[in-house]
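Remarks on the overall topology
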Amino acid sequence: MMRIVIGFIPFFATPAGRVIEEVYDKWKDKDFVIDLETDPVYATELVKRLSPDKVLLVGSSRYAPEGISEKEFMLENKDPWYMLELVRPGLDGRFYLEDVAYGLLIFGGFDKVYAIYYNGDYSEAAVKMLEKKVEEKYQWLLRL
């Protein structure tokens, strides 16, 4: 059976991060769900311990469009300096979804990392919508 890990990067100091934190709280008892609000190297180690086939990250970004959006991360260039520049901010203490995604691609050997972003204000409706989106994406990944 396909093993999928869902990693949450809540960054709860923001309204969007609070939405992500609440969705994480509803999923965290599952053995394939982890909190990845950490540097890209350690996040990769946490994910690799679970031996997944695919990884779905859930987080926020001020650069994401308003609401819920999706992205697929892949390495476009295998140049070591290029790859170092992708994860450098995460090694300096910035724990954003992008840093974790590129860390998984570089250090974890994954070909692709899937992501769901939430960007917006906090509301119960936003929590419900994001929870539904995570469930839909998880089910979709199981069928790939």
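Parameters at a glance
- Residues numbered from 1 in each chain as written.
- Predicted model: local features only at pLDDT ≥ 70, side-chain atom pairs only at ≥ 80, totals over all residues.
- Heavy atoms only, no water.
- Helix = DSSP H or I, 4+ residues; strand = E, 2+ residues; numbered from the N terminus.
- Buried < 20%, exposed > 50% of the residue type's maximum accessible area, 1.4 Å probe, protein only.
- Contact = heavy atoms within 4.5 Å.
- Areas by Shrake-Rupley, 256 points an atom, 1.4 Å probe, with all protein chains shown as cover.
- Lys, Arg positive; Asp, Glu negative; His and termini not counted.
- Charge placed at Lys NZ, Arg CZ, Asp CG, Glu CD.
- Salt bridge = Lys/Arg side-chain N within 4 Å of Asp/Glu carboxyl O.
- Phe/Tyr/Trp six-rings, centres within 6.5 Å; stacked < 30°, edge-to-face > 60°.
- Lys NZ or Arg CZ within 6 Å of the ring centre and 35° of its normal.
- Expected span 1.5 Å × (residues − 1).
- Arc of directions from axis to C-beta.
- Polar contact = N/O pair within 3.5 Å; in protein donor to acceptor, adjacent residues only side chain to side chain.

**Re the overall build of the chain**
A count of helices and strands for the chain gives five helices and five strands. Beginning at the N terminus, the succession of helices and strands in the chain can be written as β-α-β-α-β-β-α-α-β-α. Projected onto its principal axes, the C-alpha positions of the chain cover 45 × 35 × 25 Å. Counting across all 144 residues of the chain, residues that qualify as buried make up 47%. Intrachain contacts of the chain at a sequence separation of at least 6 include 78% that bridge at least 24 residues. In the form shown here, the chain has an accessible surface area of approximately 7,600 Å², with 52% of it arising from carbon and sulfur atoms. Averaging the locations of the 19 positively and 25 negatively charged side chains of the chain gives two centres separated by 4 Å.

**Topic: the pattern of salt bridges**
Considering all chains together, one arrives at seven salt bridges under this definition. For D25, the salt bridge identified is with K28, shortest N-O distance 3.5 Å. What makes D25 partly exposed here is its relative accessible area of 36%. When its relative accessible area of 39% is taken as the criterion, K28 is described as partly exposed. For R88, the salt bridge identified is with E85, shortest N-O distance 2.9 Å. With a gap of three residues between them, R88 and E85 both fall in helix α3 (residues 80-91), about one helical turn apart. E85 sits in the partly exposed class, given a relative accessible area of 45%. It is possible to trace a salt-bridge network through shared partners that takes in E70, K133 and K137.

**Description of the environment of A125**
With respect to the helices, strands and loops of the structure, A125 is situated in helix α5 (residues 124-143). Take A125: its relative accessible area is 48%, and that puts it in the partly exposed class.

**Notes on the packing of aromatic side chains**
Going through the model one piece at a time under the given rule, you end up with five aromatic pairs. Measuring from ring centre to ring centre gives 4.9 Å for F32 and Y138, while their planes differ by 5 degrees; the resulting arrangement is stacked. Taken together, the residues F32 in the loop between α1 (15-27) and β2 (33-35) and Y138 in helix α5 connect sequence positions 106 residues apart. The same class applies to F32 as to Y138, namely buried. When the centroid spacing of 5.3 Å and the interplanar angle of 85 degrees are considered together, the rings of F73 and Y102 count as edge-to-face. Here the residue F73 occupies a position in strand β4 (residues 67-73), and Y102 occupies one in helix α4 (residues 97-107), the gap between them amounting to 29 residues. Grouping aromatic residues by their ring pairs yields a cluster made of W27, F32 and Y138. Its end group placed over the ring of Y122, R18 keeps NZ or CZ at 4.0 Å from the ring centre. Lying over the aromatic face of W27, K30 brings its terminal NZ or CZ to 5.5 Å of the ring centre.

**Describing α3**
Between its first and last C-alpha atoms α3 spans 15 Å; for twelve residues at 1.5 Å apiece the expected length is 16 Å, and the two agree. For α3, every residue scored as buried is listed here: M83, L86, V87, P89 and G90. Each buried residue of α3 lies within a common arc of 145 degrees when the element is viewed along its axis, so the set occupies one face. Turned more than 90 degrees from where α3 packs its buried face, P80 and W81 sit exposed. Here the buried face of α3 lies against α2 (40-49) and α4. For α3, the N-terminal capping position is held by D79, with its side-chain oxygen 3.2 Å away from the main-chain nitrogen of W81. Taken from the residues just after α3, G93 is the one with a positive phi, measuring 105 degrees.

Bear in mind that shape data such as this cannot, by itself, settle questions of function.
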